[in-house]
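# Coordinate inspection notes
Here are the chains, one letter per residue:
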Amino acid sequence: MSETSPLISIRGITKSFGNFIAVDNIDLDINEGELFVLLGGSGCGKTTLLRMLAGFEKPTSGTISIEGSDMTGVEPYARPVNMMFQSYALFPHMSVERNVGYGLKREGVARAERKKRVDEMLEMVELEQFSKRKPHQLSGGQRQRVALARCLIKRPKVLLLDEPLGALDKRLREQTQFELMKLQDRLGTTFVVVTHDQEEAMTLATRIAVMDQGKFVQVGTPAEIYEMPQSRFVADFIGSINMIDGVVKSISGNTLTIHAESDDANYTVESNDQIEIGDQVSLAIRPEKIHVDAYDADNNSNPSEQKSDNTDKTDNRFIGTISEMAYLGGTSTLRVTTRGGRVFQVTSTNRKRHLTGKHDLDWDDQVEISFSPSNAIVLKS
Amino acid sequence: MYGKRSKFLTTCLLLGFTFLYLPIILMAIYSFNYSRLLPVWGGWSTRWYKELFNSPEVWQATLLSLKIACLTATIAMILGTMAGIAIVRVRKFRGRTLFTGMISAPLVMPEVITGLSLLLLFITLQQTIGWPQRRGMTTITIAHITFAMAFVAIIIQSRLTSSDRSLEEAASDLGAKPFRVLFDITLPMLAPGMIAGWLLAFTLSLDDLIIASFVTGPGSTTLPMLIYSRIRLGLKPDINALATVMIGVVAIVVLIAGLLMYLQARRSRAAAKAEAMDS
């Protein structure tokens, strides 16, 4: 927690619709200048939380304060926040210019000043030449920029964005992501973004809150969320991951040996958590953290056996067969079935160019996969 | 499906249109009939049009009907829109379900019952508070508003339910107080529905014979009432002429509206094309 007081502070906020609890007793602080992302599947309560910040939903209990002043009972039009809607909600009967200027007009800004600021804003989002158009005469990306300009012109303390890139196609989305970040950096406005797209969350966020069933499952930086998930849900939700269930067999220092029943294999992993021998845990390893090598049966003297008790070498090594392979250009995704029968998903970077389309690795090839104990994660829940 | 249209379908289409429009065409033709007897052809003439222009009775009835229809349509549009907004947008208020049910009751109520009950109401009012002093245009208009409003409310309700709530939320988010949101966003959004409601109320009022007959008083004869009474006394062809004039006026209005809509569509298509050129 930072020394300055947080810009937004949420305490014990709960929202229920009848019997359904959309947001369940959440505490959260968001600091000035953050780009905070609420990430979760549909129905996890992320949008409800955002709408409570905007004032469209009244919390069942709990308080929200912005800049230290309590927002309970403050109507949406009086809050120092602006929201960009998923549908953009551009007023269809107004031109781009009037859409963008609407907030200032309601503030009572004089016509000349308003025109100046609208022009500035349109210039910033590169839409000067479209000022007289109606929203239906714009493309999806242009509409998104109008919606953004309309929110930003009021210079809000906090900008709330509901799936800001959801309606754009993939190419435009990537480009817009960076524009959004640049803009946020330049203006210093605090952004709170709701998204279900984990890639988008990783790219944009300074901090992510992963939500499930109205609760925060984990809050942290993108790297923390990705590299140090605290639960199976988070590990599974963000990126792909190989999950191995097993029992802790031995502990030496911070190195654990985990025995998995299903493929009767031992795995070594490093962990600083409080874990006892006999605990039921899951070992999680990201596909790109597994090393894959072509395996030549003739040159390996001791290939098939895993070096299980060798804690200084520490590599988890397994021999397997490529049972599936997907070529994605820059990388390939492999599914390797080990001799124990476990399937590992492995990402390998295609460093060399193969003009013939023939790769080092191919279907049904024998390979050796390995990963370092420090790269795996132990999850208790 | 994309080949030649089948002969069967074309025949069906022609028969359908004939059934719809032949009576109207016949009526228009007979309005130029010289003969006084309706079904006897006596050669072409504009005699009944002249007679129509010289018949104060018909003009008075037409004028009264139009006045009532305009008033009804305007007031029913305002009240119906308010009712529709109250049903959809205003969060829970006491008796909302009852209100919603009652607003649509006139839709299913037989007209004779509506007419009779309103007549009783007006008589009671006259006896207790002395208003309305005489039954006539005022009472007919009030009666028409009562049932036309229900239709407007239904139109507005359906348009509001299918509309994007976030537009109003966005306006409120940008600093507009509820009343401003209503005038800046909700009403412009509802404008097509309100126009449709106005037109519907106008036609309903212009059409109505039964309710008007109940609540009218001496000297206030609307056009449908006049035509109906003439049928009983024997129809004169000047009614044909009047109907033809009305159809002509309606056709011209529809044509102009269609033309305007076509021009607007072409303009926005052109703009879209221009944008495609830009990028």
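Just so we're clear, the structure is a prediction, and the values are computed from it rather than from any experiment.

### Some remarks on the overall build of chain A
A count of helices and strands for chain A gives eight helices and 20 strands. Principal-axis analysis of the C-alpha atoms places the extent of chain A at approximately 85 × 55 × 40 Å. Counting all 381 residues of chain A, 49% fall into the buried class. Taking all contacts inside chain A whose residues are at least 6 apart in sequence as the whole, residues at least 24 apart take part in 65%. Accessible area for chain A stands at about 18500 Å²; split by element, carbon and sulfur atoms hold 45% of it. Distance between charge centres in chain A, computed from 45 positive and 53 negative side chains, equals 12 Å.

### Side note on the overall build of chain B
Scanning chain B for helices and strands turns up eleven helices and zero strands. Traced from its N-terminal end to its C-terminal end, chain B shows the element sequence α-α-α-α-α-α-α-α-α-α-α. On C-alpha atoms alone, chain B measures out to a radius of gyration of 24 Å, which is more than a quarter above the 19 Å that the 2.2 N^0.38 rule sets for 279 residues. Principal-axis analysis of the C-alpha atoms gives chain B an extent of 70 × 70 × 35 Å. When the 279 residues of chain B are sorted by exposure, 35% land in the buried category. By sequence separation, contacts in chain B at least 24 residues apart represent 69% of the contacts at least 6 residues apart. Carbon and sulfur atoms provide 71% of the accessible area of chain B, an area that totals close to 17300 Å². Across chain B, the centroid of the 25 positively charged side chains sits 6 Å from that of the 13 negatively charged ones.

### Observations regarding the packing of aromatic side chains
Under the defined criterion, the tally for this structure stands at 14 aromatic pairs over all chains. Here the aromatic rings of Phe56(A) and Phe85(A) are separated by 5.9 Å at their centres, their planes lie at 35°, and the arrangement is tilted. Residue Phe56(A) is located in the loop between helix H1 (46–54) and strand S4 (61–66), and its partner Phe85(A) is located in the loop between strand S6 (81–84) and helix H2 (96–107); the two are separated by 29 residues in the primary sequence. With relative accessibility at 15%, the residue Phe56(A) sits in the buried group. Overall, the relative accessible area of 4% leaves Phe85(A) in the buried class. The rings of Tyr30(B), Phe32(B), Trp41(B), Trp44(B) and Tyr49(B) are connected pair by pair, giving a single aromatic cluster. Geometry around Phe91(A) places Arg150(A) over its ring, the cationic atom sitting 4.5 Å from the centre.

### Notes on the environment of Lys67(B)
Position of Lys67(B) among the secondary structure elements: in helix H3 (residues 56–88). Between the alpha carbons of Lys67(B) and Tyr228(B) there is a distance of 19 Å; along the sequence they are 161 residues apart.

### Regarding the sheet that holds strand S2 (residues 20–30) of chain A
Residues and elements named next belong to chain A. The strand order across the open sheet built from four strands is S2-S1-S4-S5, with neighbouring strands paired in antiparallel fashion. Two strands bound the open sheet, and with one partner strand each, they are S2 and strand S5 (69–70). Examined bridge by bridge, strand S1 (residues 8–17) and S2 share seven bridges and lie antiparallel to one another. Within S2, the position partnered with isoleucine 10 by the bridge is leucine 28. The strands that H1 touches are S1, S2 and S4; relative to S1, the one it contacts most, it runs at about 120°.

### As for a negative patch on the surface
Together, Glu120(A), Glu123(A), Glu126(A), Glu128(A) and Glu179(A) make up a negatively charged patch on the protein surface. Along the polypeptide, Glu123(A) turns up in helix H3 (residues 111–124).

### Digging into the confidence of the model for chain B
The pLDDT averaged across chain B works out to 87; a share of 95% of its residues lies at or above 70. Our summary of model confidence lists the complex with pTM equal to 0.81 and ipTM equal to 0.83.

### Focus: the interface of chain B and chain A
Listed per partner, the contact involves 21 residues of chain B and 28 residues of chain A. Summed over both partners, the interface of chain B with chain A comes to about 2100 Å²; 58% of that surface belongs to carbon and sulfur atoms. At the boundary of chain B and chain A, one finds two salt bridges. Residues Asp184(B) and Arg106(A) are paired through a salt bridge, measuring 2.6 Å at the closest nitrogen-oxygen approach. Connecting chain B to chain A are ten residue pairs in polar contact (both at pLDDT 80 or more). The set of elements that each furnish at least two residues to the side of chain B that touches chain A consists of helix H7 (165–173), helix H8 (178–207) and helix H11 (238–278) of chain B. Element by element, the count of residues in the side of chain B that touches chain A is highest for H7(B), at seven residues.

### Overview of unusual backbone geometry
Of note, the bond from Trp131(B) into Pro132(B) is cis; its omega dihedral lies within 30 degrees of zero at -5°. Within the secondary structure, Pro132(B) is located in the loop between helix H5 (111–129) and helix H6 (137–161). Positioned with a positive phi, Asp264(A) is a non-glycine residue whose angle comes to about 50°. Considering the arrangement of structural elements, one finds Asp264(A) in the loop between strand S12 (255–260) and strand S13 (265–270).

### Quick notes on the pattern of salt bridges
All names here are of chain A. One pass over the structure, following the stated rule, counts 22 salt bridges over all chains. The salt bridge involving arginine 232 is made with aspartate 245; its shortest N-O contact spans 2.8 Å. Taken together, the residues span a long stretch of sequence, with arginine 232 in helix H8 (residues 232–237) and aspartate 245 in strand S11 (residues 242–252) at a distance of 13 residues. The class for arginine 232 is partly exposed, based on a relative accessible area of 31%.

### Comments concerning H7(B)
In terms of residue burial, H7(B) counts as a mostly covered element, since eight of its nine residues are buried. Those residues of H7(B) that fall on the buried side of the exposure criterion are Ser166(B), Leu167(B), Glu168(B), Glu169(B), Ala170(B), Ala171(B), Ser172(B) and Asp173(B). Buried-residue contacts for H7(B) involve H1, S6, H2 and helix H4 (140–152) of chain A together with H8 of chain B. Where H7(B) ends, the next residue or the one after it, Gly175(B), has phi of about 110°, a positive value.

### Structural notes on the environment of Leu64(B)
Residue and element names in this part refer to chain B. Its place among the elements puts leucine 64 in helix H3. Judged by its relative accessible area of 12%, leucine 64 falls in the buried class. For the pair leucine 64 and leucine 223, spaced 159 residues apart in sequence, the C-alpha separation works out to 7.7 Å. Discounting chain neighbours no more than four positions away, the residues touching leucine 64 are Met137, Ser220, Thr221 and Thr222.

### Some points on the side chain of Ser282(A)
Residues and elements named next belong to chain A. Turning to its location among the elements, serine 282 is positioned in strand S14 (residues 280–285). Separated by 2.7 Å, the side chains of serine 282 and arginine 232 make a polar contact. A distance of 2.8 Å separates polar atoms of two side chains, one belonging to serine 282 and the other to aspartate 245. Discounting residues that sit within four places of it in the chain, serine 282 has contacts with Arg232, Met243, Ile244, Asp245, Ile377, Val378 and Leu379.

Reading the values: the criteria
- Residues numbered from 1 in each chain as written.
- Chains lettered and ligands numbered in written order.
- Predicted model: local features only at pLDDT ≥ 70, side-chain atom pairs only at ≥ 80, totals over all residues.
- Heavy atoms only, no water.
- Helix = DSSP H or I, 4+ residues; strand = E, 2+ residues; numbered from the N terminus.
- Buried < 20%, exposed > 50% of the residue type's maximum accessible area, 1.4 Å probe, protein only.
- Contact = heavy atoms within 4.5 Å.
- Areas by Shrake-Rupley, 256 points an atom, 1.4 Å probe, with all protein chains shown as cover.
- Lys, Arg positive; Asp, Glu negative; His and termini not counted.
- Charge placed at Lys NZ, Arg CZ, Asp CG, Glu CD.
- Rg over C-alpha atoms; globule rule 2.2 N^0.38 Å.
- Phe/Tyr/Trp six-rings, centres within 6.5 Å; stacked < 30°, edge-to-face > 60°.
- Lys NZ or Arg CZ within 6 Å of the ring centre and 35° of its normal.
- Pairing = 2+ DSSP bridges.
- Axes fitted to C-alpha atoms, helices over the stretch in contact; angles between N-to-C directions.
- Patch = residues over 30% accessible without salt bridge, like charges linked within 9 Å, V, L, I, M, F, W, Y side chains within 5 Å.
- Salt bridge = Lys/Arg side-chain N within 4 Å of Asp/Glu carboxyl O.
- pLDDT = per-residue confidence, 0-100.
- Buried area = accessible area lost by both parts, 1.4 Å probe.
- Polar contact = N/O pair within 3.5 Å; in protein donor to acceptor, adjacent residues only side chain to side chain.

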